[in-house]
Amino acid sequence: MRRIRWLEKIHSSHDAAFTLVELLLGLLIFSMIMQTISMSLRTYQSIEGRILEDRSQDWHLFLNLLEAELEHYTVEGIEGGRVYLKEPQSGKVSWIELNRGRLVKRPGWQTYLMEVDTWSAQWQGEFIYLEVSLANGQTYQGHIRVGGNP
């Protein structure tokens, strides 16, 4: 009887605590989980950074928007960093210019493209050739068919 009680006492004390091997195994599993989370986070940040830096989709949207806009206007001229537009029905003159890092149509503040450092536009036959340098260092070039040189 004494022996059974002594064994029960020893056995119950082992159930209440972790062995060193169990603790080391737990730490190993925890460190593997943390390493996986850390690697996943670094990969996510890297991919997110590349997506945010690549503005080519913004450039294509800008070209499409400008081309659709120019269907409703006559291009009057290009001078001093501005593209002058004239509405055929009303004769109202607008222009596109770089203002505070944004390409906007004035009068007003219709924004076409943001975070722009420099831009240039020039006539070449039936096309306007555009070049835009963005704040992140990327430079894009494109052309839009608009008709003859004014």
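Residues numbered from 1 in each chain as written. Predicted model: local features only at pLDDT ≥ 70, side-chain atom pairs only at ≥ 80, totals over all residues. Heavy atoms only, no water.

## Concerning a nonpolar patch on the surface
- Taken together, the side chains of L25, L28, I29, F30, M32, I33, M34 and I37 make up a nonpolar region of the molecular surface, amounting to roughly 790 Å² of accessible area.
- Of note, L25 is situated in helix 2 (residues 20–53). (Patch = residues over 30% accessible without salt bridge, like charges linked within 9 Å, V, L, I, M, F, W, Y side chains within 5 Å. Areas by Shrake-Rupley, 256 points an atom, 1.4 Å probe, with all protein chains shown as cover. Salt bridge = Lys/Arg side-chain N within 4 Å of Asp/Glu carboxyl O. Helix = DSSP H or I, 4+ residues; strand = E, 2+ residues; numbered from the N terminus.)

## Here's the deal with the sheet that holds strand 8 (residues 139–145)
- Strands sit in the order 6-7-8 across an open sheet of three strands; the sheet is antiparallel. With one partner strand each, in any of the chains shown, strand 6 (116–124) and strand 8 form the two edges of the open sheet. Recorded for the sheet is a direction-independent mean angle of 15° between the axes of neighbouring strands.
- Bridge analysis of strand 7 (residues 127–134) against strand 8 gives seven bridges, and the strand direction is antiparallel. Bridge pairing in strand 8 places E131 opposite Q141.
- In this fold helix 3 (residues 56–70) packs onto strand 7 and strand 8, with an angle of close to 20° to the strand it touches most, strand 8. (Pairing = 2+ DSSP bridges. Axes fitted to C-alpha atoms, helices over the stretch in contact; angles between N-to-C directions. Contact = heavy atoms within 4.5 Å.)

## Brief notes about the sheet that holds strand 3 (residues 93–99)
- Taken in spatial order, the five strands make up an open sheet running 1-2-3-4-5, and their pairing is antiparallel. Of all strands in the sheet, those with a lone pairing partner are strand 1 (74–79) and strand 5 (110–114), marking the two edges. Direction aside, the axes of adjacent strands within the sheet are offset by 20° on average.
- Summarising the sheet, strand 3 and strand 4 (residues 102–106) pair through five bridges and their orientation is antiparallel.

## Regarding the pattern of salt bridges
- Tallied over the full model, the rule gives six salt bridges.
- For K105, the salt bridge goes to E69, with nearest N and O atoms at 2.6 Å. Of the two residues, K105 is situated in strand 4 and E69 in helix 3; the sequence distance between them amounts to 36 residues. Like K105, the residue E69 is buried in the burial classification.
- Between R82 and E97 there is a salt bridge; the shortest N-O distance is 2.8 Å. Here the residue R82 occupies a position in strand 2 (residues 82–86), and E97 occupies one in strand 3, the gap between them amounting to 15 residues.
- With relative accessibility at 28%, the residue R82 sits in the partly exposed group.
- A network of salt bridges, in which partner residues are shared, links R55, D58 and E115. (Buried < 20%, exposed > 50% of the residue type's maximum accessible area, 1.4 Å probe, protein only.)

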